[in-house]
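Descriptive structure summary
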Amino acid sequence: MAINLEQFKGEVSGKSGPARSNLFMIELPAFPGATTRSVNLLCRDVNLPGRQVVTYDKEIGTKREKVAYGSIHDDVSMSFLLLNDYGVKQYFETWQEAAFNPDSYQIGYKSDYVRNVKIHQLKKGVGLPVYSTPLGIPRLPEIIQNRLPRIGPFDFAQGELDLDFLTGEDKIYSCQLFNAFPVTMESIPLNNELDGLVELRVQLSFTKWTSNFTTQDPVGEFVETALGTVLTRIFN
């Protein structure tokens, strides 16, 4: 297919450019004894949830076609940069212990450990150089700087402060995980690498997810559909 370069450039520029995979933000829930401020800022990567519509084969005469009857999704994985207080690991240990206490072997009620989690895709805003401003942040060695994540409004790899981040207007896509909790907290490998950074990877399971593209409230939509089905059966 032939592509008109000017039309392509106009489409890209008219929609503020391509989405960037390194511009994102998460909102994790608060737990007693575990704060989320640094945890949210130290997230290095996360995957937006997918969805697969599950079907069954229905025969209509001599024709067979697929009919939807539900949907399934995979768990969401996240990784975090650990600081010398290991606060991120403490946070997820506290969250997991609300589901299962490894000392007492007590299993918690689901309402005690499931929470909602939000993931936001951001757009690149107006950048202010960090290292050459009165903020006074020293320039880090390049080998470390390039491996650091975007932490809140600070993009250490690029040496910029995103001013749009402070206004909250740079969220171009948001999704919410309902009834989420960490089912897996992976082991942490330690080695003799001189400039190695320590990371923690966790896996969240959840009941369902919705995005800001959803036009109706999921509960309200379910009630409306169920009511319509009942009325149809009564009057037909």
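Numbering of residues begins from 1 in every chain and follows the order in which that chain's sequence is written. Local features in this predicted model are restricted to residues whose pLDDT is 70 or higher, and side-chain atom pairs enter the listing and the counts only when it is 80 or higher, whereas totals over whole chains, interfaces and linings include all residues. As a rule here, side-chain values come from all non-hydrogen atoms in the structure, and water together with hydrogens is ignored.

**Quick notes on the overall build of the protein**
- Check the secondary structure of the protein and you find six helices and 13 strands.
- Exposure categories follow from relative accessible area, calculated using a 1.4 Å probe and restricted to protein chains: below 20% of the type maximum is buried, above 50% is exposed, and the middle band is partly exposed. Counting over 236 residues, the protein shows a buried share of 29%.
- Any two residues whose heavy atoms approach within 4.5 Å are treated as being in contact. Relative to all contacts within the protein whose residues are 6 or more apart in sequence, the contacts with residues 24 or more apart total 70%.
- Here the open area of atoms and residues is found with the Shrake-Rupley method and a 1.4 Å probe, where only the protein chains shown may cover a residue. In the form shown here, the protein has an accessible surface area of approximately 15800 Å², with 54% of it arising from carbon and sulfur atoms. Each helix is a run of DSSP H or I of at least 4 residues and each strand a run of E of at least 2, with the numbering of both proceeding from the N terminus.

**Considerations on the packing of aromatic side chains**
- When two rings of Phe, Tyr or Trp (its six-membered ring) have centres within 6.5 Å they constitute a pair, described as stacked for plane angles under 30 degrees, edge-to-face for angles over 60, and tilted for the intermediate range. Throughout the structure, instances matching the rule amount to eight aromatic pairs.
- Relative to Trp95, the ring of Tyr91 has its centre 5.9 Å away and its plane inclined at 70°; by these criteria the two rings are edge-to-face. In this pair, Tyr91 and Trp95 both sit in helix 3 (residues 87-99), four residues apart, roughly one turn of the helix.
- Given the relative accessible area of 1%, Tyr91 is considered buried.
- Summarising the aromatic geometry, the rings of Tyr173 and Phe213 are spaced 5.2 Å apart at their centres and angled 65° between planes, so their arrangement reads as edge-to-face.

**Let's talk about the environment of Lys110**
- Its location among the elements puts Lys110 in helix 4 (residues 110-113).
- With a relative accessible area of 46%, Lys110 lands in the partly exposed category.
- Lys110 sits 69 residues away from Asn179 along the chain, and the two C-alpha atoms are 8.7 Å apart.

**What to know about the side chain of Ser79**
- Tracing the sequence through the fold places Ser79 in strand 5 (residues 76-81).
- Distance and chemistry together define a polar contact, namely a pair of N or O atoms within 3.5 Å, with one atom able to donate a hydrogen and the other to accept it when in protein, and with adjacent residues in sequence counting only for side-chain atoms on both sides. A distance of 2.4 Å separates polar atoms of two side chains, one belonging to Ser79 and the other to Asp45.

**Brief notes about the pattern of salt bridges**
- Salt bridges, as used here, are contacts in which a Lys or Arg side-chain nitrogen is within 4 Å of a carboxyl oxygen on Asp or Glu. Throughout the structure, instances matching the rule amount to six salt bridges.
- A salt bridge links Glu27 to Lys171; its shortest N-O distance comes to 3.8 Å. With Glu27 in strand 1 (residues 24-27) and Lys171 in strand 11 (residues 171-185), the pair connects residues that are 144 residues apart, well separated along the chain.
- When its relative accessible area of 31% is taken as the criterion, Glu27 is described as partly exposed.
- With relative accessibility at 36%, the residue Lys171 sits in the partly exposed group.
- Note that Arg44 is salt-bridged to Glu199, the shortest N-O span being 2.7 Å.

**Notes on helix 3**
- Its 13 residues place the ends of helix 3 19 Å apart at the C-alpha level, agreeing with the 18 Å of an ideal helix rising 1.5 Å per residue.
- Tucked inside the fold, the buried residues of helix 3 contact helix 2 (37-41), strand 5, helix 4, strand 6 (115-122), strand 11 and strand 12 (199-205). Multiply 1.5 Å by the residue count of a helix minus one, and that product is the helix's expected span.

**Here's the deal with the nonpolar core**
- Among buried residues, the Ala, Val, Leu, Ile, Met, Phe, Trp, Tyr and Cys ones that are joined through side-chain atoms within 4.5 Å form a nonpolar core. Counting residues in hydrophobic clusters, the biggest one holds 32 residues, and the most contacted among them are Leu28, Met78, Phe80, Phe92 and Trp95.
- Secondary structure elements with two or more residues in this core: strand 1, strand 5, helix 3, strand 6, strand 11 and strand 12.
- Discounting chain neighbours no more than four positions away, the residues touching Met78 are Ile26, Leu28, Asp45, Val46, Val117, Leu200, Arg201, Val202 and Leu204.

**Observations concerning the confidence of the model for the protein**
- The pLDDT value expresses, per residue, how confident the predictor is, ranging between 0 and 100. Per-residue confidence for the protein averages 79 on the pLDDT scale, and 69% of its residues sit at or above 70.
- When mean pLDDT is taken per element in the protein, strand 12 scores highest with 97 and helix 6 (residues 218-235) scores lowest with 43.
- Predicted confidence is poor over residues 218-236, with pLDDT under 50, and the contacts of this stretch with residues over four places away or in other chains come to five contacts.

**With respect to the pairing of strand 12**
- Should DSSP find at least two bridges between two strands, the strands are taken to pair. In this sheet, strand 12 lies alongside strand 5 in antiparallel orientation, the contact comprising six bridges. Bridging across to strand 12, Ser79 finds its partner in Arg201.
- Note that strand 11 and strand 12 share four bridges and pair antiparallel. Among the inter-strand pairings, Met185 is bridged to a residue of strand 12, identified as Val202.

**Structural notes on the environment of Asp74**
- Take Asp74: it is sitting in the loop between strand 4 (63-72) and strand 5.
- For Asp74, a relative accessible area of 64% translates into the label exposed.
- Linking Asp74 and Gln203, residues 129 residues apart in sequence, is a C-alpha distance of 10.0 Å.

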